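# Secondary and tertiary structure notes
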Amino acid sequence: MAATVEELYRNYGILADAKEDLSKHKDAYQVILDGVKGGPKEKRLAAQFIPKFFSSFPELADAAINAQLDLCEDEDVSIRRQAIKELPRFASGETLPRVADILTQLLQTDDSAEFNQVITALISIFKIDAKGTLGGLFSQILQGEDIVRERAIKFLSTKLKTMPDDTMTKEVEDYIFTETKKVLEDVTGEEFVLLMRILSGLKTMQTVSGRQQLVELVVEQAFLEQALNPADTDSVDRLLQCTRQALPLFSKNVHSTRFVTYFCEYVLPNLSLLTSPVAELDIQLEVLKLLAEMSPFCGDMDKLEVNLNMLFEKLLEFMPLPPEEENGENAANEEPKLQFSYVECLLFSFHQLGKKLPDFLIDKISAEKLKDFKIRLQYFARGLQVYIRQLRVALQGKTGDALKTDENKMKVVALKITNNINVLIKDLFHNPPSYKSTVTLSWKPVQKAEATAAVGQKRLSGDDVGATVTAKKLPASLPRRDARQIYNPPSGKYSASIGNFSNEQRGGFRGGRGRGFGGRGNRSRGRIY
């Protein structure tokens, strides 16, 4: 039977006056529990009174929690908010993981104020017992509805970093790592990125051994033990996403060897066959950029000569021979286009791996092939010099806002690309070839000590050099985030097109979840408190 407002206040008074003898007034507390069966006023009072005396009646604990849950699901949003606000008062001892589980399920609400109330409540109990709260969150991530799982993962990815240090103890971080590994057995691409963000933010993961553990997790997700099917967009996307997640973890102590080896053995031979998971993505350039970024951190490689030869052969594909003389048989052919962006990546990667086998160009290839390579280098270098002069003239005297126009940003990056290639070619022209020069890849932020565009203008920010060269135009209707604006240099012998190619995260794993990224079925079990 539902209690009235008067009965609720009267029994509240009995319990409030009882002080140490509360346990003798079980009937009074039962009346308050019955308030959830009344009207809106009774329910609002019950939402406040039930948690106030909850700890004094352990034998009615389940009944009290269930009564509060009924209020959390009420049709009246104001009653739901009040009930959710009071939920942390139930969170003590053995009941806390259950409250955390309940609050996690309540993340599925579409009401923004109610959602924020749930977030506040979760943060509140997290500070009481982090591990117990995480138990409820991970329980729903592993077994809950898809929308609950998604929002619970996002909660962890955004809120863990805001928790105080005394809450995020080593024991808590170890628990997060263990549970996240379980989740990673069955994830989508977006979830994988968020979970890696969670793990990489843990203090215990900032050490060399911690970063190495994270790399191992990414290796498992990347399926590096399997050959790549270049026509399968899911497989290509998986590799791209995993490589992007691994890149920030590499260092002189945490090596990229397995990824670099995989790219040399399975990706470069199929470069032209790769199917892009995102329509506007230049997949070949993206892959070459990732390889270039990883190559400085490559350790000892089992098949170094074989992989270096693959890089060498791929580099030759993008470094054309000089055209025939005008009276030659190929006189009618167009001048070859110099694909600067591709060559920068391949030449940089070759230069980095070449340090490990400095006699490659002397003893490992034939004299004829070396001669052919130097002819290509020389032709490319001549084109570079012409193009560099054109770019310097175009940028001469431009400062401030003039350098911030899209076209001039392209030119600044183009100049950086061509300067990089020029430095690397000079190294390879040494006798014997040298691998001592250091360059910063064109899409990476400029170092403070580095001159900007070799034309004397003020130093540019990292945002001004976040682009690179591309060889094809894209539709003008692309979203701003991924749009590439095309700059056409002066036409002639060494023309190419320069595009703005952001190094942001792009795309996601297609399909559902499976091992790693397979097919998690939708679950619809209703309330499982």
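Residues numbered from 1 in each chain as written. Predicted model: local features only at pLDDT ≥ 70, side-chain atom pairs only at ≥ 80, totals over all residues. Heavy atoms only, no water.

Under an unreviewed UniProt entry, the name given to the protein chain is Apoptosis inhibitor 5, and the organism recorded is Triplophysa rosa. Its UniProt record, at the heading Subcellular location (unreviewed entry), says of the protein chain: "Nucleus". Looking at the protein chain in UniProt, the text filed under Sequence similarities (unreviewed entry) is "Belongs to the API5 family." (UniProt positions renumbered as here; feature names shortened; annotations may be inferred.)

Further remarks concern the overall build of the protein chain. Across its full length, the protein chain carries 20 helices and three strands. Put simply, the protein chain has 529 residues, and 52% of those count as buried. Across the protein chain, contacts joining residues at least 24 apart in sequence account for 74% of those joining residues at least 6 apart. (Helix = DSSP H or I, 4+ residues; strand = E, 2+ residues; numbered from the N terminus. Buried < 20%, exposed > 50% of the residue type's maximum accessible area, 1.4 Å probe, protein only. Contact = heavy atoms within 4.5 Å.)

Let us now look at the packing of helix 17 (residues 340-354) against helix 20 (residues 406-429). Taken N-terminus to C-terminus, the directions of helix 17 and helix 20 make an angle of 40°; their axes are 10 Å apart at the nearest point. Classified by the angle between their axes, helix 17 and helix 20 sit oblique to one another. In terms of crossing hand, the pair formed by helix 17 and helix 20 is left-handed. Contact with helix 17, carried on its side by Phe340, Ser341, Val343, Glu344, Leu347, Phe348, Phe350 and His351, involves Ile417, Thr418, Asn420, Ile421, Leu424, Ile425, Asp427 and Leu428 of helix 20 and no other residues of that element. (Axes fitted to C-alpha atoms, helices over the stretch in contact; angles between N-to-C directions. Parallel < 35°, antiparallel > 145°, perpendicular 65-115°, else oblique. Left-handed = near helix turned anticlockwise from the far one by under 90°.)

One finds Tyr29, Ile50, Leu103 and Ile176 to be the most contacted residues of the largest nonpolar core, which totals 156 residues. Ranked by residues supplied to this core, first place goes to helix 19 (residues 367-395) with 10 residues. Here Ile50 is in contact with Tyr29, Ile32, Leu33, Val36, Ala64, Ala67, Gln68 and Phe90, once residues within four sequence places are set aside. (Core = buried A, V, L, I, M, F, W, Y, C linked by side-chain atoms within 4.5 Å.)

Moving on, we come to unusual backbone geometry. Cis geometry is found at the peptide bond from Asn431 to Pro432, where omega equals 0°. Counting through the fold element by element, Pro432 comes out in the loop between helix 20 and strand 1 (468-469). In the Ramachandran plot, Phe223 falls in the positive-phi region, its phi being about 55° despite a non-glycine side chain. One can find Phe223 in the loop between helix 12 (208-222) and helix 13 (233-246). The buried category is assigned to Phe223, whose relative accessible area is 14%.

We now examine the environment of Asn420. Counting through the fold element by element, Asn420 comes out in helix 20. For Asn420, the contacting residues outside a window of four places in its chain are Glu344, Val439, Thr440, Leu441 and Ser442.

On to the side chain of Thr133. Relative to the assigned elements, Thr133 resides in helix 8 (residues 130-143). The buried category is assigned to Thr133, whose relative accessible area is 0%. Non-local contacts of Thr133, meaning those with residues more than four positions away in its chain, are made with Leu96, Ala100, Leu122, Ile125 and Phe126.

With that settled, consider the packing of aromatic side chains. By the definition in use, this model includes 16 aromatic pairs. Judged by centre distance (4.3 Å) and plane angle (25°), the rings of Tyr12 and Phe49 are stacked. A residue pair is termed long-range when its members are at least 10 positions apart, and Tyr12 in helix 1 (residues 5-18) and Phe49 in helix 3 (residues 40-52) qualify at 37 residues. You can call Tyr12 partly exposed: its relative accessible area is 23%. The interplanar angle of 70° and the centroid separation of 5.8 Å between the aromatic rings of Phe312 and Phe360 together place this pair among those described as edge-to-face. (Phe/Tyr/Trp six-rings, centres within 6.5 Å; stacked < 30°, edge-to-face > 60°.)

Note on placement: Ser23 falls in the loop between helix 1 and helix 2 (26-33). Expressed as a C-alpha distance, the spacing of Ser23 and Phe57, which sit 34 residues apart in the sequence, is 6.3 Å. Ignoring anything within four residues of it in the chain, the contact list for Ser23 reads Ser56 and Phe57.

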